[in-house]
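Take a look at the letters that make up each chain.
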Amino acid sequence: MSAAESTHPHAVPRRIAWVTCRDLPEPDADEQPALDALRAAGFDAELAAWDDPSIDWSRFELAIIRSTWNYFHDPAAFEAWLGRASELTTLANPLAACLWNLHKGYLRELEAAGVAIVPTAWQARGEPVLDLAAVMDGRGWSSVVVKPTVSAASFGTRRFERSQAAEARAFLEELASRGDAMVQPYIEGVDGAGEHSIIWIAGEYTHAIRKSPRLAGDDESVSGELSVSVDQQQAADAVLAAIPGAARQNLLYARVDLMPAGERWLLSELELLEPSLFLMQSPSALARFVAACAQYPRVD
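Residues numbered from 1 in each chain as written. Predicted model: local features only at pLDDT ≥ 70, side-chain atom pairs only at ≥ 80, totals over all residues. Heavy atoms only, no water.

K.L.:
Looking at this model, I keep getting lost on the pairing of strand E9 (residues 195–201). Mind explaining?
P.N.:
Successive residues of a regular strand alternate their side chains across the two faces of the sheet. Among the seven residues in E9, seven count as buried, and that is most of the element. Here E9 shows two buried faces, one formed by Glu-195, Ser-197, Ile-199 and Ile-201 and the other by His-196, Ile-198 and Trp-200. Where E9 and strand E10 (residues 204–211) come together, seven bridges link them in antiparallel fashion. When the bridges of E10 are listed, Ile-198 appears paired with Ala-208. What sits between E9 and E10 in their antiparallel hairpin is a turn of two residues, with Ala-202 showing a positive phi close to 50°. Bridging between E9 and strand E11 (residues 253–261) involves six bridges; their strand directions are antiparallel. Across the sheet, the residue bridging to Trp-200 is Ala-254, located in E11. (Buried < 20%, exposed > 50% of the residue type's maximum accessible area, 1.4 Å probe, protein only. Helix = DSSP H or I, 4+ residues; strand = E, 2+ residues; numbered from the N terminus. Pairing = 2+ DSSP bridges.)

Next comes the structure, spelled out in structure tokens:
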């Protein structure tokens with residue numbers, strides 16, 4: 001943790017950056033409600049793009065990473081920005097959490113720690129491309145989702161049936177020519193129950209939303225505010241508890257995406273970097289978010 005991140009919380013009002021990118025690939029529904037609420041609470045809050053070299057990040061006492069949704073085009077540049085910004089201001093979430101969460105390889109660590117994740121076959125860049133027909137037959141997967149391990153907004157995410165195994169392998173080969181990739185079975189339960197995002201803000205689950213399956217080019221379709229069920233909270237608790245200690249310190253927010261599989265929930269993604277928090281769906285979550293900013297970084 002940098003010196004900036006370890007300082008005692010400042011009094012309100014504070015200068016806050018809502019960190020975005022210069023060319024936002026899609027609207028951020030959280031942005032305006034959150035900025036309005038932060039300003040109403042006495043904060044000097046403004047938009048600031050991570051990829052705008054003219055910004056002096058030392059002007060801000062807190063930089064909240066929110067809609068940096070183009071970072072996957074140049075992960076190295078984004079990592080370099082994270083490092084520079086963390087020396088000039090307080091990042092939320094902190095640097096260690098962002099770096100750990102940037103590559104979906106974190107799922108392997110969580111699985112090794114006992115978290116039930118969506119089964120995954122991993123494809124490293126430069127390694128021989130997986131024989132997806134053999135993978136699908138060997139694992140009993142009739143339909144798979146192929147995607148990069150560094151991505152946002154479902155970029156580069158496609159679904160293939162067993163009859164399309166050759167096409168899927170060609171797509172995987174294309175992805176692996178640029179970076180690491182992953183293959184997962186399409187979880188049929190999402191067609192009915194949907195994928196559920198569990199929102200956690202400053203130590204408390206605030207609400208959940210249900211999402212329809214989303215592939216590259218699709219618009220996101222989400223429900224209104226839902227309560228977090230007991231079994232969802234248990235699943236999310238196991239995920240958050242398994243985050244490595246350094247990455248778990250001083251988290252402002254987290255989103256745990258769960259998929260239904262029979263009687264249990266499987267982790268699809270853990271978002272500590274730039275997830276939509278669906279604050280517009282939950283006024284109480286928005287209020288908690290603003291209050292948490294006033295106390296950040298909190299002392300646990």
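K.L.:
Before we go on, may I ask you to explain the sheet that holds strand E3 (residues 62–65) in this structure?
P.N.:
Pairing between the strands of a sheet is mediated by backbone hydrogen bonds and can be parallel or antiparallel. Overall, parallel pairing links the four strands, which are arranged E2-E1-E3-E4 in an open sheet. In this open sheet, the two strands that pair with only one neighbour each are strand E2 (44–49) and strand E4 (91–92). Two elements, E3 and E4, share two bridges in a ladder whose sense is parallel. Paired with Ala-63 across the bridge in E4 is Leu-91. Its contacts with the sheet put helix H1 (residues 31–40) on strand E1 (15–20) and E2, and the angle it makes with E2 is roughly 145°. (Contact = heavy atoms within 4.5 Å. Axes fitted to C-alpha atoms, helices over the stretch in contact; angles between N-to-C directions.)

K.L.:
Would you mind going over the pattern of salt bridges with me for this structure?
P.N.:
A complete count under the given rule lists 14 salt bridges for this structure. Taking the shortest distance from any N to any O, the salt bridge between Arg-22 and Asp-51 comes out at 4.0 Å. Of this pair, Arg-22 sits in the loop between E1 and H1 while Asp-51 is found in the loop between E2 and E3, placing the two residues 29 residues apart along the sequence. A salt bridge links Glu-195 to Lys-211; the shortest N-O distance between them is 4.0 Å. Within this pair, whereas Glu-195 is found in strand E9, its partner Lys-211 is found in strand E10, the two being separated by 16 residues in sequence. The pair Glu-195 / Lys-211 is uniform in exposure class, with both members buried. By sharing partners, the salt bridges in this structure join Glu-195, Lys-211, Arg-255, Asp-257 and Glu-271 into a single network. (Salt bridge = Lys/Arg side-chain N within 4 Å of Asp/Glu carboxyl O.)

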